[in-house]
Amino acid sequence: MHDHGSLPALGWSEFFTTWSLQPGWLLAVVILGAGYLTLRNAAGPATTVKGWRVASFLTGLVLMYVVVASAINGYAMALAWMHMVLHLTLIMIVPALLVLGHPLTVIAETGPRAERAMRSLPVTILVHPATGMLLYSFVIIGTHLSGFMDSMAQSTPLMVGEQAAYVLAGFLFLTGTIGEEKVRPDLPYLGRIALLVLGMVPDTIVGIVMLQTNHDLYPIYSAARPEWAPEAVKDIQTAGGLMWAGGDGGMMLIAIGLVIAVVSSAERRTKMTGRFLDGVRSNQLSEASSRGAAAEKGKGPAEPGSVDPDSDEALDAYNAMLARMNQQH
């Protein structure tokens, strides 16, 4: 069992001075950052990954290291609410920055073989929105509403594995919701927004259970707490409140950002509802426009689809039909 009883009471001085090297995480960050930059440069001027996306990916890596090397991780085993800060950062903020960096596209643009690999069935299944949603839910619920926290408190490998699982689960979930990689079919934006809303469910479940608990959910984890720490049940309740508010609030902010991105882009707006619903809309508009155009010319109903639904003629005929309907009422 790790003993954190010798930690000094947390204050601003301790928060900014309690650091550890974390060589394994540092090595991982250096390898991932160097590999990303090398692969992007290999694509040359033909790369579609813009500079701001590169900056986003590298920022995500730096933040990931800062979180595990700073007092956030140093006090995560002493304070449940600090563990929740670590959790939310690793599963939501860091993955969002990494996903915006388009790492799959960076790999695919290095050559035909790499592109085929990124379009292969295993990768397609791995980055499918359903996979991300299931893994995200499993990691959040499994690490907080089971005996995992107590087991993790006694094992350094489990502790590191938990942190890596947060990053991976968040990355796969957000790849299916805010990712716009060119190597796979994208979920329509309406479906992405719905998935983000669905992602609030596991956050809410865990948050409410922890917030309303009247007993210590993690007795072994709590046994290593320092004397100055708040009472265990109160600490867990505070962590639950952070989980509920931070998890749902973070998802809502991501969803709002996605809506803004869709509204501000004509290309994204065309992918709002997907091919099926968009086809239904176009057919209905085409038929209505054809009837309107025929009525304006004093003829019988025109053949469905005889008027291009995106043409000026279709728009004028549709507006004229609406005007006649309004006059009739």
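Residues numbered from 1 in each chain as written. Predicted model: local features only at pLDDT ≥ 70, side-chain atom pairs only at ≥ 80, totals over all residues. Heavy atoms only, no water.

Taking an unreviewed UniProt entry as the reference, the chain is identified by name as Putative copper resistance protein D belonging to Nocardioides albertanoniae. Annotation of the chain in UniProt includes, under Subcellular location (unreviewed entry), the sentence "Cell membrane". (UniProt positions renumbered as here; feature names shortened; annotations may be inferred.)

A. Main features of the packing of helix H12 (residues 189–198) against helix H15 (residues 232–263). Where H12 meets H15, the axes come as close as 9 Å, and the angle between the chain directions of the two elements is 170°. Between H12 and H15, the crossing angle belongs to the class labelled roughly antiparallel. Only Met251, Ile254, Ala255, Leu258, Val259 and Val262 of H15 make contact with H12, whose side of the interface consists of Tyr189, Arg192, Ile193 and Leu196. (Axes fitted to C-alpha atoms, helices over the stretch in contact; angles between N-to-C directions. Helix = DSSP H or I, 4+ residues; strand = E, 2+ residues; numbered from the N terminus. Parallel < 35°, antiparallel > 145°, perpendicular 65-115°, else oblique. Contact = heavy atoms within 4.5 Å.)

B. Representation of the UniProt feature "transmembrane region" (unreviewed entry) in the chain in the model. Cross-referencing UniProt, the feature "transmembrane region" (unreviewed entry) maps to residues 20–39, 51–72, 78–100, 121–143, 163–181, 193–211 and 249–266 in the present numbering. Spanning residues 78–100, this segment combines 91% helix with 0% strand, and its end C-alpha atoms are found 33 Å apart. Here residues 163–181 runs as 68% helix and 0% strand, with 25 Å between its end C-alpha atoms.

C. Region of interest: the nonpolar core. By size, the foremost hydrophobic cluster in this structure holds 74 residues, and its most contacted members are Met64, Leu90, Phe173, Leu174 and Leu196. Examining the composition of this core, we find that 12 residues originate from one element, helix H5 (residues 80–100), more than from any other. Sequence-distant contacts of Met64, defined by excluding residues within four places in its chain, comprise Trp25, Val29, Leu90, Val94 and Val167. (Core = buried A, V, L, I, M, F, W, Y, C linked by side-chain atoms within 4.5 Å. Buried < 20%, exposed > 50% of the residue type's maximum accessible area, 1.4 Å probe, protein only.)

D. Examining the packing of aromatic side chains more closely. Within this structure, the stated rule accounts for 7 aromatic pairs. Ring plane angle 55° and centroid distance 6.0 Å describe the contact between Tyr75 and Trp228, whose orientation is recorded as tilted. Pair noted here: Tyr75 is in the loop between helix H4 (71–74) and H5 and Trp228 is in the loop between helix H14 (219–223) and H15, with a separation of 153 residues, a long-range link. A residue is classified by how much of its surface remains accessible, and Trp228, at 30% relative accessible area, is partly exposed. Relative to Phe173, the ring of Tyr136 has its centre 4.8 Å away and its plane inclined at 25°; by these criteria the two rings are stacked. Placement of Tyr136 in helix H9 (residues 129–144) and of Phe173 in helix H11 (residues 156–175) is noted, with a sequence separation of 37 residues between them. Judged by relative accessible area, which is 1%, Tyr136 ranks as buried. Members of the aromatic cluster, each reached through a chain of ring pairs, are Trp12, Phe15 and Phe16. (Phe/Tyr/Trp six-rings, centres within 6.5 Å; stacked < 30°, edge-to-face > 60°.)

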